[in-house]
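Each chain is listed here by its residues.
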Amino acid sequence: MTMRRTAVATATAALTLLAAWAGAPSATAATTAPAPKTANTPNTPNTPNTPKTPKTEKAAGTCAVLAPGASAVAEKAVAAACEQTGVWYTWGGGHGPQPGPTYGQVDPSDPDSAHDPERLGFDCSGLVRYAYARAAGDPLTGNAHHQFHSPRVQQRFTAAQATGPLLPGDLLAWGSGGSIHHIAIYLGAGKMVEARESGTRITVSDVRLDGDYAGAVRITPPAAAPGTFSTWGTDVWTHREPSTTSPRVHKFPGPTTVRIECQKHAEPVTAEGYTNDAWSYLPEYGAWITNIYIKGAAWLDGVRTCP
């Protein structure tokens with residue numbers, strides 16, 4: 001009898017335990033069951049209390065206008081330059097009859113330029129020329145030195161001023177001893193877009209204020225630059241005085257936009273089948289050039305006579 005009661009009690013307890021297990025959720029189900037959404041749950045749609053995601057700044061390395069205040073022309077130039085990111089640097093590239101990428105040349109001083117004649121692209125000043133041609137009609141012909149001294153320059157900034165006063169579209173330059181060898185376009189926020197050297201592609205870089213950083217210039221719209229003419233020919237030298245026997249100052253490797261302050265009659269020069277005794281003074285270069293290599297009449301209209 002005792003054994004029967006014990007067996008019945010044991011069976012009853014087992015049935016009770018099984019019933020309890022059947023009615024309870026499993027441990028796995030408890031940990032994977034979704035929590036009920038409330039009004040403050042971030043992924044609840046159309047919830048008025050859902051916080052808005054703040055707008056983020058343009059990622060580092062983005063090529064774009066990165067600060068306010070630039071002119072419409074400068075912003076267009078930045079946009080045009082940024083379209084060329086990833087294009088090859090190629091020495092001499094971008095200096096064809098029309099703005100745009102061209103095949104480069106071998107730079108005798110740089111072994112990395114060996115493949116430049118096979119690469120379609122820009123050098124530093126070729127990129128600057130293209131960018132401002134897209135924005136304002138090709139006002140910045142010539143190399144980096146000529147662009148830094150262009151008659152289109154509205155304002156100059158010294159190296160000591162760093163990037164504080166600069167606006168997107170300003171041109172940063174490097175060089176020493178009065179000669180400029182590299183130029184780039186400022187984007188804002190301490191960034192610039194540049195065609196830096198053979199073996200690399202056009203890219204966004206941090207502005208380099210060390211070394212031979214020479215300062216920056218701001219370009220004025222074309223209509224605001226009176227007395228502007230273009231040179232023609234290749235490898236044309238300017239001189240300290242209006243004479244071919246005076247010291248050479250700067251060489252224009254190709255057609256370049258220049259500002260002429262005045263002109264005068266001086267030493268006759270015969271070149272390219274022409275003879276002319278008129279010389280023009282270029283204030284940005286502190287130099288003289290024979291009018292033979294200035295597009296226009298032998299005696300330029302609208303230019304005053306030098307004293």
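The coordinates are above.
Residues numbered from 1 in each chain as written. Predicted model: local features only at pLDDT ≥ 70, side-chain atom pairs only at ≥ 80, totals over all residues. Heavy atoms only, no water.

**Details of the sheet that holds strand E2 (residues 102–103)**
Strand order across the open sheet formed by three strands is E1-E3-E2, with mixed pairing between neighbours. Edge strands, defined here as strands with exactly one partner in the open sheet, are strand E1 (88–89) and E2. (Pairing = 2+ DSSP bridges. Helix = DSSP H or I, 4+ residues; strand = E, 2+ residues; numbered from the N terminus.)

**A look at the packing of helix H3 (residues 72–82) against helix H4 (residues 124–136)**
Running from amino to carboxyl end, H3 crosses H4 at an angle of 130°, the nearest separation of the two axes being 8 Å. Taken together, the axes of H3 and H4 are oblique relative to one another. When you trace H3 past H4, the crossing you get is right-handed. Within the contact between the two elements, H3 uses Val-73, Ala-74, Lys-76, Ala-77, Ala-80 and Ala-81 and H4 uses Leu-127, Tyr-130, Ala-131, Tyr-132, Arg-134, Ala-135 and Ala-136. Tallied by class, residues from the contact of H3 with H4 come to 11 nonpolar, no polar and two charged. (Axes fitted to C-alpha atoms, helices over the stretch in contact; angles between N-to-C directions. Parallel < 35°, antiparallel > 145°, perpendicular 65-115°, else oblique. Left-handed = near helix turned anticlockwise from the far one by under 90°. Contact = heavy atoms within 4.5 Å. Nonpolar A, V, L, I, M, F, W, Y, C, P; charged D, E, K, R; others polar.)

**Some details on the nonpolar core**
Counting residues in hydrophobic clusters, the biggest one holds 33 residues, and the most contacted among them are Tyr-132, Leu-171, Ile-185, Leu-187, Val-193 and Ile-219. Of all elements in the fold, only H3, H4, helix H5 (144–148), strand E5 (171–176), strand E6 (179–188) and strand E9 (213–219) reach the threshold of two or more residues within this core. Those residues in contact with Val-193, other than ones at most four positions away along the chain, are Cys-63, Ala-81, Thr-85, Ala-184, Ile-185, Leu-187, Ile-202, Thr-203 and Val-204. Counting 20 residues, the second-largest nonpolar core is a separate cluster that includes Phe-229, Leu-282, Ile-292 and Ile-294. (Core = buried A, V, L, I, M, F, W, Y, C linked by side-chain atoms within 4.5 Å. Buried < 20%, exposed > 50% of the residue type's maximum accessible area, 1.4 Å probe, protein only.)

**A closer look at the side chain of Ser-243**
Counting through the fold element by element, Ser-243 comes out in the loop between strand E11 (236–239) and strand E12 (248–252). Taking the relative accessible area as the measure of exposure, Ser-243 reaches 16% and is therefore buried. Within polar-contact distance, the side chain of Ser-243 engages the side chain of Thr-245 at 2.8 Å. (Polar contact = N/O pair within 3.5 Å; in protein donor to acceptor, adjacent residues only side chain to side chain.)

**Side note on the packing of aromatic side chains**
Under the counting rule described, the total for this entry stands at five aromatic pairs. Between the aromatic rings of Phe-122 and Tyr-130, the centroid separation amounts to 5.3 Å while the plane-to-plane angle is 45°, which identifies the pairing as tilted. Judged by its relative accessible area of 0%, Phe-122 is buried. A relative accessible area of 12% places Tyr-130 in the buried class. Measuring from centroid to centroid gives 5.2 Å for Tyr-281 and Trp-288, while their planes differ by 55°, and the two rings are tilted. When its relative accessible area of 22% is taken as the criterion, Tyr-281 is described as partly exposed. Trp-288 sits in the buried class, given a relative accessible area of 10%. A cation over an aromatic ring shows up here: Arg-156 above the ring of Phe-148, its NZ or CZ 4.9 Å from the ring centre. (Phe/Tyr/Trp six-rings, centres within 6.5 Å; stacked < 30°, edge-to-face > 60°. Lys NZ or Arg CZ within 6 Å of the ring centre and 35° of its normal.)

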